[in-house]
Amino acid sequence: MLVLVIADLYIPLRAKGMPEELGKLLQKDTYDLVVSTGNLCDKSVHSFMKSLGKTKVIEGGHDDVKDLPEMEEVMAGELKIGITRETDFESLLAAQRKLACDIVVHKSSSHTCTAISKKGRLYICPGSGTGAFSLSHRDVIPSFLVLEITGTDVAVFQYSYVNETLEVTGKNFTIASPMGAAEEE
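So, how was this worked out
Residues numbered from 1 in each chain as written. Predicted model: local features only at pLDDT ≥ 70, side-chain atom pairs only at ≥ 80, totals over all residues. Heavy atoms only, no water. Disulfide = S-S within 2.5 Å. Phe/Tyr/Trp six-rings, centres within 6.5 Å; stacked < 30°, edge-to-face > 60°. Helix = DSSP H or I, 4+ residues; strand = E, 2+ residues; numbered from the N terminus. Buried < 20%, exposed > 50% of the residue type's maximum accessible area, 1.4 Å probe, protein only. Core = buried A, V, L, I, M, F, W, Y, C linked by side-chain atoms within 4.5 Å. Contact = heavy atoms within 4.5 Å.

## Considerations on the state of the cysteines
Part 1 of the reasoning: For the structure on display, the rule yields zero disulfides.
Part 2 of the reasoning: This cysteine, Cys101, is not joined by any disulfide, and Cys125 carries the nearest cysteine sulfur, 15 Å off.
Part 3 of the reasoning: Free of any disulfide, Cys113 has its nearest neighbouring cysteine sulfur in Cys125, separated by 6.7 Å.

## Some remarks on the packing of aromatic side chains
Part 1 of the reasoning: Scanning the entire structure with this criterion turns up two aromatic pairs.
Part 2 of the reasoning: Their ring planes at 20° and their centres at 5.4 Å tell us that Phe144 and Tyr159 sit as a pair that is stacked. Highlighted residues: Phe144 in strand E9 (residues 143-150) and Tyr159 in strand E10 (residues 153-162), separated in sequence by 15 residues. Take Phe144 and Tyr159: they sit in the same class, and that class is buried.

## What about the nonpolar core?
Part 1 of the reasoning: Core analysis: the biggest nonpolar cluster contains 23 residues, and Val3, Ile81, Ile103, Ile124, Leu147 and Val154 have the highest contact counts within it.
Part 2 of the reasoning: Contact partners of Val154, with chain neighbours within four places excluded, come to Leu79, Ile103, Leu122, Leu147, Glu148, Ile149, Lys171, Asn172, Phe173 and Ile175.
Part 3 of the reasoning: The next biggest cluster of nonpolar side chains, apart from the first, holds 18 residues, and it includes Ile6, Val57, Leu68 and Tyr159.

As structure tokens, then:
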């Protein structure tokens, strides 16, 4: 299963669009699921994300689309993904417990792309797909994540546009005791 994790585009508030090299990777019928922590902003951007596949978006604070939830959860194969606006680690742990999820997709006030494993769970932040500045950082690297989920194995691919070059890095994680599997029984 392929999951696109993208956020903080801020189109047109802080950015005109994504770098072309990143935008080319957003193709219909490529992703099984699109997950976002919001701040896509313009309704047309929301519509575009929905055209890519099944989409789960939470309210980011600057979205034209109304009535988006503040937290969301979705199954991705055997694993449960929780989506939250939280940024500090203690709040992320609380969100993980509340949503009972294996993967926590969260925001970052710096718009920095990260993927870390703690206490048997995966915490990921896609950064900003456009490189839109944040209130704390002006030089933000445009980025998003793609998760390749096979059973309890998660390959996390970070796509970044650095110095006018597309860079792709990857990390592999295993969720030891999936919480999502218990729900399917």
